[in-house]
Every structure is written in structure tokens, then in C-alpha cells.
Amino acid sequence: MDLVSAEDINQKIEVFEASHAVAGRLLTLVERDDIGAREVATLVSADPILVSRIMRMANSAFYGTGGRVRELHAGVAMLGFEAVKSLALASFVEGSGTVTPQDWDHSITSAVAAAEVARTIGADQQQAFSLALLHDIGEAVIASLDPSFHEVLDSRRSMPLTADAESEMLASERKRYGLHHAAIGADMLASWNFHPDLVQAVAQHHTPKGSLSRTHAALVDGDRIAHIIACGSTLAEIRDLPGILLPNYVGDTQLETVLTNVRARSASMIADLF
Ligand SMILES: [Fe+2]
Ligand SMILES: [Fe+2]
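Note that the coordinates shown come from a computational prediction; the quantities given were computed from them, not determined experimentally.

Thresholds, definitions, all that
- Residues numbered from 1 in each chain as written.
- Chains lettered and ligands numbered in written order.
- Predicted model: local features only at pLDDT ≥ 70, side-chain atom pairs only at ≥ 80, totals over all residues.
- Heavy atoms only, no water.
- Axes fitted to C-alpha atoms, helices over the stretch in contact; angles between N-to-C directions.
- Helix = DSSP H or I, 4+ residues; strand = E, 2+ residues; numbered from the N terminus.
- Parallel < 35°, antiparallel > 145°, perpendicular 65-115°, else oblique.
- Contact = heavy atoms within 4.5 Å.
- Nonpolar A, V, L, I, M, F, W, Y, C, P; charged D, E, K, R; others polar.
- Buried < 20%, exposed > 50% of the residue type's maximum accessible area, 1.4 Å probe, protein only.
- Arc of directions from axis to C-beta.
- Donors = N, O, S within 2.8 Å, 3.2 Å for Na, K, Ca; no water.
- Tetrahedral: all angles 85-135°; square planar, octahedral: opposite > 155°, others 65-115°.

J.: Can you tell me about the packing of helix α9 (residues 137-145) against helix α12 (residues 181-191), naming the residues and giving the values?
T.: Interhelical geometry of α9 versus α12 gives an angle of 105 degrees and a closest axis separation of 7 Å. When the axis of α9 is compared with that of α12, the two are roughly perpendicular. Along its contact with α9, which presents Ile137, Gly138, Glu139, Val141 and Ile142, the element α12 presents His181, Ile184, Gly185, Met188 and Leu189. For the contact of α9 with α12, a count of residues per class yields six nonpolar, three polar and one charged.

Put into C-alpha cells, the structure is as follows:
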């Protein structure tokens, strides 16, 4: 298999940017301070898949609305603009046929886990949720250029993120594609004008260094917790997992509560969404 060049990757990012009018317009719109939920809803209403995803998510048990959100603008207000933006971006990457059901499972579980960690450590839950939804978008770019990458992703999802597994994964991507998925995802978010702190959090979600912002810490742990849930690790194994931050701040009981909440809330959101 030929190497995928950095040029191929940049072209792909440009294609993703240009390929979806709603997501593109939404990105510009939600940067404005004077924007309202009705204006966002009007734009989103042009994309039926996105509308259904927003309404299902707003009515999922995670938000505790009891299925009472009936109008699109109310759904947009419930999720927040950042989450709507992340859903739009994830949906249009999915529209290119490069996102598998396992990828959505991982994105949703990471997002729910990042929000739960954010709540525990006092970070912005909505921001952590939205960022975690998109954190592995670089994998979708690679998969769109190299179909054999889907097999790599399938085996990766059920592995614990040990330090060795992570450095091997990033090194093999760098060797094969010139950049690893975290760097590609960060380039993508930068080209979509995400805040530099969020771009840095995605760039370093496998290689956190120095003191992290709270949102970055929530993303790192959210990703790890999603892997822990997928591979059924025990509490003792979680405490020993390198790179995970939450066990340094909470006791076993609270850690168990976080895992129980994430398991239940992500499963119900996935069931509601798909
Ligand atoms: Fe990743
Ligand atoms: Fe991930």
C-alpha cells in the first residue's frame, strides 16, 4: 500500500470543509455573539438527518427532558450551539461514508464520559461533551484515504489505552501517513476556527503534557473511560492505567459512580440515536 501523503490529507480536509453546506454555514454562524437558537434551527432544518439526531439527543435520558422536547429550536437550545456544531461536523464526515457504527459508539461514550468527568472536576460540561464528540475525527480522515484502516480501528476500540499501545499506535500512523490522527484532527479543527485551546486538546489527547486545561483533562479521561468500558476493565486496572487523571482526585466509590453513570447514559444515548 502506498503511503498517504500530507498533501492527500490536506486535500481531504478541504473536501470535508467544502462538502457540506449546512455544517459550513453553521460553523460561521455559531461564532457570532448575537445568534439565537431559532436562527441555528432554521439553518439546521435543511438537513433532515441532523434534525433527527438533534431531536433524539435532546430527548435522550442524558438530558433528563423526559421526551418533552418537541421543537427544533428547543432541541438546539437544550444541547447548546457547541454540541450542535460538533454533531453537524461529525454527521457530515459520516456522510462521506468513513464513519462506522463503532466510531459513533466511541464518540458518544467519550463525550458522555468527558461530560461526567467535567462535572466531577468542575470543568465546562457542554464544552467537554462537544470536544469529545469530535476528538477522533482525524481517524475518519485516514479511513477515507486508506480503507484498510477500518480494521485497525475495529481492533483498537476494544483495547485499553496503555502507554505502550498508545505510543505504538501514534508511531505506526506517523510512519504510514506522515501525521497521526490526533494531529490531523487538530489541523481540521484549526481550519474550522475552533479555539486554539480546544485544538491543542485534540492534538494532545493521547500525549498530554504539563498542566492541562480542565476541558483537556476531561477529554483525556473521557477517551480513556470509553476504552475502559469497551474492554470491561476492572476498577483496579483502571487505577493502574497510565495517563488517566481522575483516579488521582476521587476515591474508588466516586470512580465507580462515574463509570456506572457513563455506562448507563452512553448506552441510552446510543440506543436513542441509532
Ligand atoms: Fe484518539
Ligand atoms: Fe478516542
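Back to the write-up after that little detour.
J.: Could you give an account of helix α13 (residues 196-203), naming the residues involved and the relevant values?
T.: Taken residue by residue, α13 has Leu198, Val199, Ala201 and Val202 as its buried positions. All buried residues of α13 lie within an arc of 160 degrees about the axis, which places them on one face of the element.

J.: Tell me about the coordination of the iron ion (ligand 1), and name the residues and values.
T.: In the first shell of the iron ion (ligand 1), the protein supplies Asp136 (OD), His181 (NE2), His205 (NE2) and His206 (NE2), at 2.1 to 2.2 Å from the metal. For the iron ion (ligand 1), the four donor atoms in the first shell make angles of 86 to 177 degrees at the metal, a pattern classed as irregular. In the primary sequence, the donor residues of the iron ion (ligand 1) line up as D-x44-H-x23-H-H. Taken as a pair, the iron ion (ligand 1) and the iron ion (ligand 2) show a spacing of 3.6 Å, with Asp136 coordinating each metal. Here Asp136, found in the loop between α8 (125-134) and α9, pairs with His206, found in the loop between α13 and α14 (214-231); they are 70 residues apart in sequence, far enough to count as distant. With respect to burial, Asp136 and His206 carry one shared label: buried.

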